[in-house]
Amino acid sequence: MNRFNELTMPDVGVGRGSSLAAPVTSLNLDVHQHLWPERMLEALRARDKPPMLRGWTLELEGESPYEVDPSHHDPETRRSQALEQGLHLALISPSSPLGIELLPPPESRELIDAYHDGALELPAPFGAWAAACLTELDPVGLRRELDRGFVGLTLPATALCTEHGYVRLASLLEVLEEAARPLFIHPGPATAPRAAPNWWPTIVSYVEQMYEAWYAFRAFGRPRHPTLRVCFAMLAGLAPLHGERLLARAGLRTVVDENSFLEVSSYGTRAIDATVRVLGIDVLVGGSDMPYASPVFSDLGAAAVAAIRGANPLRLLDCKGGA
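A. Just the pairing of strand E8 (residues 183-186), in detail. Burial along E8 is two-sided: Leu183 and Ile185 and Phe184 and His186, pointing in opposite directions, are all buried. The pairing of strand E7 (residues 153-156) with E8 spans four bridges and is parallel. Each bridged residue has a counterpart across the sheet, and for Pro156 the counterpart in E8 is His186. Here three bridges tie E8 to strand E9 (residues 230-232), and the two strands are oriented parallel to one another. Across the sheet, Leu183 pairs through a bridge with Val230, a residue of E9. With respect to chirality, the unit in which E8 leads through helix H7 (residues 200-224) into the neighbouring parallel E9 is right-handed.

Here is the structure:
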């Protein structure tokens, strides 16, 4: 039985006491947040090469050191923020730009295990997406993590931008399909041109990755996985807005895939409205990318916001009452 398929979602999330007693119509979900559990922080501090933490200084390969705000990864601070925002469920995901999925298997699994075990200890209203080592695939291990309570799997967009990526990762995606759990595609590691401003990766590289992942899924992913539910971070880099060019250059029309969702983090009313004009409202889901961006409160009207933050995420997670 799908543990997320109850009207009030009594077991949604992996945090302690994350029961949701509110009616489905009043639920408020955020499918995209980041919070490094204490176990993950300890594992990053134990490393002697990137990705690693020195105190609160993050060091990544090929990037300048980054000073992390400790409050961003304090569970009680973040819990208070989530409750102030009226969230019934806030899903955290591993920070794919760190590149932990792409490390050699022993290193990757050490960090991923620390993330998984720490996520299980987070308080309500937190739940979590699972992660997976991509240098040595373990579909049995993924199934185990789903059984422990993770809502689905996060993968970096860089791993799913080609046909080869879908062939190589088929065993993981098949686990998701068989378990009726969703895939969350998130930007992966990124580099910037020499002398580029520090905003370059988030504004250029991440958008490019998500744009490419959107069309790669249409070309290679959906034919291989016809029932997989997938969610693209940050409106898939606005890739759906290029439907007219797709028609003009490839002769292909925009297809509304009811199992392909887009979360809205870091965009506002204009981008959301434009996407709705192309794909409709039913495939948009609420996500904030906290603590790196603020929640989006669009001017699209109460009904649209209720769909984006309630009914649509429930369908993504396959919860009863979300249809």
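B. Focus on the sheet that holds strand E4 (residues 66-67). One open sheet accounts for three strands, arranged E2-E3-E4; its pairing is antiparallel. In this open sheet, the two edge strands, each paired with only one partner strand, are strand E2 (52-54) and E4. Two elements, strand E3 (residues 57-59) and E4, share two bridges in a ladder whose sense is antiparallel. When the sheet's bridge partners are listed, Thr57 is paired in E4 with Glu67.

Rules behind the numbers
- Here the residue numbers are simple positions, counted from 1 along each chain's written sequence.
- Residues qualify for local features only when their pLDDT is at least 70, as the model is predicted, and side-chain atom pairs are given and counted only at 80 or more; totals for whole chains, interfaces and linings, by contrast, use all residues.
- The side-chain quantities take in all heavy atoms of the structure and omit both hydrogens and water.
- Under the scheme applied here, a residue whose accessible area is under 20% of the maximum for its type counts as buried, over 50% as exposed, and between as partly exposed, the area being computed with a 1.4 Å probe on protein chains only.
- Here a strand is any run of E in DSSP of at least two residues, a helix any run of H or I of at least four, and the numbering for each starts at the N terminus.
- DSSP-based pairing: two strands are paired if at least 2 bridges between them are found.
- Handedness of a crossover: with both strands directed away from the viewer, a clockwise path from the first strand across the helix to the second marks it as right-handed.

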